[in-house]
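Spelled out, the chains give:
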Amino acid sequence: MSSLKVENLTVSIENKVVLRDVSFELQRGEILSIMGPNGSGKTSLALTIMGHPRYRVISGRILIDEEDITNLPPDERSLRGLFLAFQNPVEVRGIRLSTLIFSALNKRRGEKNLLKSDPQIIPLLMKNLRDVGLSNEHLQREVNLGFSGGEKKRSELLQALMLKPKFLILDEPDSGLDVDGIKITAEKIKELASQGTGIIIITHYARLLKYLSPREIIVIRDGKIVTRGGSELSYLIEEKGYEALNGDLNA
Ligand SMILES: Nc1ncnc2c1ncn2[C@@H]1O[C@H](COP(=O)(O)OP(=O)(O)OP(=O)(O)O)[C@@H](O)[C@H]1O
Ligand SMILES: [Mg+2]
């Protein structure tokens, strides 16, 4: 069974422990959500799974399809089908968005020039571009340079749609998006999941999850998983805040 597994992960950055004994499993086609207060370790978890070099895995393992990827560099992880849409997408000077997308696709598919070998690729790109609400002009611009907050999120979504990763981590895909953007993002996440992508959504809000009904919501606090449950958790948190979970925690 194809899965992403995080086993007893304890992680530090700058000698500060940011994740403690975190475990979960995600199958392809499933949606999982991670919630938790600011600074609880959500982005650290996403970056550790991607192999960001500043995070040190003290103990535990990350596996894709039973292969231990804990010590692989980020590009090897992406070749195995992982993609992270960043909370704060980075600006890449000197590289057009179209170039970034095609070079990632060529690498993933082991092709020299997809533009020649796959006649469907341009129509697909144009469709996805339209669907996420960006224009041809964005494709020709340097990656994220001068993009608005919402445009950056849409550009990350576009890359995910083109790459169709096995496992996709979306770090606050709903932050900075307008209402239409949130609907589109939810629809596209559903589409990817139905095509077999396993998806982790990091979010502070129930509004995206309402459309998606994730299999599980995991709440982390101070780097530890403190509660796991169904969609009802996101409503409880939105309505009452994380303090509302205290009863649960002390029980
Ligand atoms: N380079 C660093 N040096 C020191 N501490 C760091 C560093 N990077 C992250 N941290 C700390 O790790 C903790 C977890 O941060 P993280 O970004 O994972 O939180 P988060 O759950 O994503 O929060 P938010 O909801 O605000 O995005 C925070 O206390 C943060 O200050
Ligand atoms: Mg974060």
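Residues numbered from 1 in each chain as written. Chains lettered and ligands numbered in written order. Predicted model: local features only at pLDDT ≥ 70, side-chain atom pairs only at ≥ 80, totals over all residues.

Visitor: Can you walk me through the overall build of the chain in this structure?
Guide: Scanning the chain from N- to C-terminus turns up eleven helices and twelve strands. Against the globule reference of 18 Å for 251 residues, the chain gives a C-alpha radius of gyration of 18 Å, in line with a compact fold. Overall size of the chain, expressed as C-alpha extent along the three principal axes, is 60 × 40 × 35 Å. Counting the 251 residues in the chain, one finds 33% classified as buried. Put simply, of all contacts in the chain between residues at least 6 apart along the chain, 68% involve residues at least 24 apart. (Helix = DSSP H or I, 4+ residues; strand = E, 2+ residues; numbered from the N terminus. Rg over C-alpha atoms; globule rule 2.2 N^0.38 Å. Buried ≥ 20, exposed ≤ 12 C-beta atoms within 10 Å, placed from the backbone. Contact = placed C-beta atoms within 7 Å.)

Visitor: Would you mind showing me how to read the site of ligand 1 here?
Guide: Close contacts around ligand 1 come from 13 residues, with Asn 38, Gly 39, Lys 42, Thr 43 and Ser 44 the closest. Secondary structure elements with two or more residues in the shell around ligand 1: β2 (16-27) and α1 (42-50). Among the elements that line the shell around ligand 1, the one with the most residues is α1, at three residues. Classifying every residue of the shell around ligand 1 by side-chain character gives two nonpolar, eight polar and three charged. (Near = placed C-beta within 6 Å. Nonpolar A, V, L, I, M, F, W, Y, C, P; charged D, E, K, R; others polar.)

Visitor: Would you mind showing me how to read the pairing of strand β12 (residues 224-229) here?
Guide: Side chains on a regular strand alternate between the two faces of the sheet. Direction of pairing for strand β11 (residues 216-221) relative to β12: antiparallel, over a ladder of five bridges. Bridge pairing links Ile 220 to Ile 225 in β12. With antiparallel pairing between neighbouring strands as the criterion, β11 and β12 make up a hairpin whose turn holds two residues, including Asp 222 at a positive phi of roughly 45°. (Pairing = 2+ DSSP bridges.)

Visitor: Whenever I open this one, the sheet that holds strand β5 (residues 67-68) confuses me. Can you help?
Guide: Hydrogen bonding along the main chain pairs the strands of a sheet, whether they run parallel or antiparallel. Taken together, the four strands give an open sheet; going across it, the order is β2-β1-β4-β5, and neighbouring strands pair in antiparallel fashion. Two strands close off the open sheet at either side, each with one partner strand: β2 and β5. Across two bridges, strand β4 (residues 56-64) lies against β5 in antiparallel orientation. Opposite Ile 64, over in β5, you have Glu 67 as the bridge partner.

Visitor: How do you make sense of α1 when you look at a structure like this?
Guide: An α-helical segment advances 3.6 residues per turn. Residues three or four places apart therefore align on the same side. Counting buried positions along α1 yields eight of nine residues, so the element is predominantly enclosed. Among all positions in α1, only Lys 42, Thr 43, Ser 44, Leu 45, Ala 46, Leu 47, Thr 48 and Ile 49 are buried. Phi turns positive, to about 90°, at Gly 51, one or two residues after α1.

Visitor: Is there a simple way to explain the packing of helix α3 (residues 97-109) against helix α7 (residues 149-163) in this structure?
Guide: Between two packed helices, both the angle of their axes relative to each other and the distance between the axes serve to describe the pair. At a closest axis distance of 10 Å, the pairing of α3 and α7 adopts a crossing angle of 30°. In terms of axis orientation, α3 runs roughly parallel to α7. For the element pair α3 and α7, the recorded crossing hand is right-handed. Taken together, the residues of α7 that come into contact with α3 (itself represented by Leu 97, Ile 101, Ala 104, Leu 105 and Arg 108) are Ser 155, Gln 159, Met 162 and Leu 163. Tallied by class, residues from the contact of α3 with α7 come to six nonpolar, two polar and one charged. (Axes fitted to C-alpha atoms, helices over the stretch in contact; angles between N-to-C directions. Parallel < 35°, antiparallel > 145°, perpendicular 65-115°, else oblique. Left-handed = near helix turned anticlockwise from the far one by under 90°.)

Visitor: How should the sheet that holds β11 be read in this particular structure?
Guide: Across the sheet, six strands lie side by side as β6-β9-β10-β3-β11-β12; this open sheet has mixed pairing. Of all strands in the sheet, those with a lone pairing partner are β6 (82-85) and β12, marking the two edges. Taking the axes of each pair of neighbouring strands and ignoring which way they run, one obtains an average angle of 20° across the sheet. Pairing analysis gives five bridges linking strand β9 (residues 167-171) to strand β10 (residues 198-202), with the strands arranged parallel.

Visitor: What should I look at first to understand helix α5 (residues 121-131) in this one?
Guide: Among the eleven residues that make up α5, one are buried, leaving the element largely open to the surroundings. Once α5 finishes, Gly 133 follows within two positions and takes phi at roughly 80°, a positive value.

Visitor: Just checking my understanding: could you explain the nonpolar core for this structure?
Guide: The nonpolar side chains of a soluble globular protein tend to be buried, and buried together. Grouped together as the largest cluster of nonpolar side chains are 51 residues, with contacts concentrated most on Ala 160, Leu 168, Leu 170, Ile 199 and Ile 200. Sort the elements by how many residues they give to this core and α7 lands first, with six residues. (Core = buried A, V, L, I, M, F, W, Y, C linked by C-beta atoms within 7 Å.)

Visitor: Can you help me understand the pairing of strand β1 (residues 3-13) in this one?
Guide: The pairing of β1 with β2 spans eight bridges and is antiparallel. Across the sheet, the residue bridging to Val 11 is Leu 19, located in β2. What sits between β1 and β2 in their antiparallel hairpin is a turn of two residues, with Glu 14 showing a positive phi close to 50°. Two strands pair when backbone bridges link them, and β1 and β4 are joined in this way by seven bridges, in the antiparallel orientation. When the bridges of β4 are listed, Val 11 appears paired with Val 57.

The quantities given are spatial measurements derived from coordinates; they are silent on function.
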